[in-house]
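Given next are the chains, with one letter for each unit.
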Amino acid sequence: MTQEDEDQDPLERLLLDKNSINREKLTEALEDRIGIDQDSADPVYRAGWQNLSNKKKTTYFLLYRKAVVALGMEKEENEGMSSREISDETGVNYDTLRSILSRAEYIEKDEEKGGYIIPGHSLDRAIEVVEDE
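Note that the coordinates shown come from a computational prediction; the quantities given were computed from them, not determined experimentally.

So, on to helix 6 (residues 123-131). Within helix 6, the full set of buried residues consists of Leu 123, Ala 126, Ile 127, Val 129 and Val 130. End-on, the buried residues of helix 6 take up no more than an arc of 155°, which puts them together on one face. On its buried face, helix 6 is in contact with helix 2 (23-30) and helix 3 (54-70).

Next up on the list: unusual backbone geometry. Non-glycine residue Ala 41 carries a positive phi angle of around 70°. Topologically, Ala 41 is positioned in the loop between strand 1 (34-36) and strand 2 (43-45). Under the relative-accessibility criterion, Ala 41 is labelled buried at 10%.

All right, on to the packing of aromatic side chains then. Centre distance and the angle of the planes are the two values used to describe a pair of aromatic rings. Counted by the stated rule, this structure contains three aromatic pairs. Geometrically, the ring pair formed by Tyr 45 and Trp 49 is tilted, given 4.3 Å between the ring centres and 35° between the ring planes. Of the residues examined, Trp 49 reaches a relative accessible area of 3% and is grouped as buried. A cation over an aromatic ring shows up here: Arg 84 above the ring of Tyr 94, its NZ or CZ 3.7 Å from the ring centre.

This part covers the packing of helix 2 against helix 3. The interhelical angle for the contact between helix 2 and helix 3, taken along N-to-C directions, is 135°, at an axis separation of 10 Å. The orientation of helix 2 with respect to helix 3, classified from their angle, is oblique. In terms of crossing hand, the pair formed by helix 2 and helix 3 is left-handed. In this structure, helix 2 uses Arg 23, Leu 26, Ala 29 and Leu 30 to contact helix 3, whose residues at the interface are Tyr 60, Leu 63, Tyr 64, Lys 66, Ala 67 and Ala 70.

As a further point, take the pattern of salt bridges. Going through the model one piece at a time under the given rule, you end up with seven salt bridges. In this structure, the salt-bridge partner of Glu 79 is Lys 66, at a minimum N-O distance of 3.0 Å. Here the residue Glu 79 occupies a position in the loop between helix 3 and helix 4 (83-90), and Lys 66 occupies one in helix 3, the gap between them amounting to 13 residues. The exposure class assigned to Glu 79 is buried, which follows from its relative accessible area of 2%. Its relative accessible area of 7% is what places Lys 66 among the buried residues. Put simply, Lys 113 and Glu 76 hold a salt bridge, and the shortest N to O gap is 3.3 Å. With Lys 113 in the loop between strand 3 (108-110) and strand 4 (115-117) and Glu 76 in the loop between helix 3 and helix 4, this residue pair connects regions lying 37 residues apart in the sequence. Lys 113 gets classed as buried once you look at its relative accessible area, which sits at 13%.

Among the residues of helix 2, those classed as buried are Leu 26, Ala 29 and Leu 30. Looking down the long axis of helix 2, one finds its buried residues gathered within 90° of arc, a one-sided arrangement. Summarising the contacts, the buried residues of helix 2 are in contact with strand 1, helix 3 and helix 6. Here helix 2 starts with a cap whose side-chain oxygen sits 3.2 Å from the backbone nitrogen of Glu 24, and that cap is Asn 22.

With respect to the helices, strands and loops of the structure, Asp 39 is situated in the loop between strand 1 and strand 2. Through-space distance from the C-alpha of Asp 39 to that of Lys 66 is 17 Å; in sequence the pair is 27 residues apart.

Conventions and cut-offs
Residues numbered from 1 in each chain as written. Predicted model: local features only at pLDDT ≥ 70, side-chain atom pairs only at ≥ 80, totals over all residues. Heavy atoms only, no water. Buried < 20%, exposed > 50% of the residue type's maximum accessible area, 1.4 Å probe, protein only. Helix = DSSP H or I, 4+ residues; strand = E, 2+ residues; numbered from the N terminus. Arc of directions from axis to C-beta. Contact = heavy atoms within 4.5 Å. Phe/Tyr/Trp six-rings, centres within 6.5 Å; stacked < 30°, edge-to-face > 60°. Lys NZ or Arg CZ within 6 Å of the ring centre and 35° of its normal. Axes fitted to C-alpha atoms, helices over the stretch in contact; angles between N-to-C directions. Parallel < 35°, antiparallel > 145°, perpendicular 65-115°, else oblique. Left-handed = near helix turned anticlockwise from the far one by under 90°. Salt bridge = Lys/Arg side-chain N within 4 Å of Asp/Glu carboxyl O. Polar contact = N/O pair within 3.5 Å; in protein donor to acceptor, adjacent residues only side chain to side chain.

Structure (structure tokens):
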């Protein structure tokens, strides 16, 4: 054990960045389904998008929003979107979308971030949902 290890407060191991994400895992989950326009940051839907379930479309879209923020193309306080905006962007029926948002335990409504998001601590669960094909 070095002197540095002895001097470090063990409680410091509990300090985490609540906004940190596994960028590689997020990229792998999104790259075949939805891309990001490099000029506008708009979603670029890939082949097969229309064949996805509504739940997967919703989840992919919210993962895309997380990626846009992680890339610095959107401010963190604008990551979230209203259910109407998500419906308009994804093509998922509004009433169906609201049901998905209320039932998915990995989606939260965060007023400080502008609406519905997938928080960092739920990223792995959301990716499991979209990869379960």
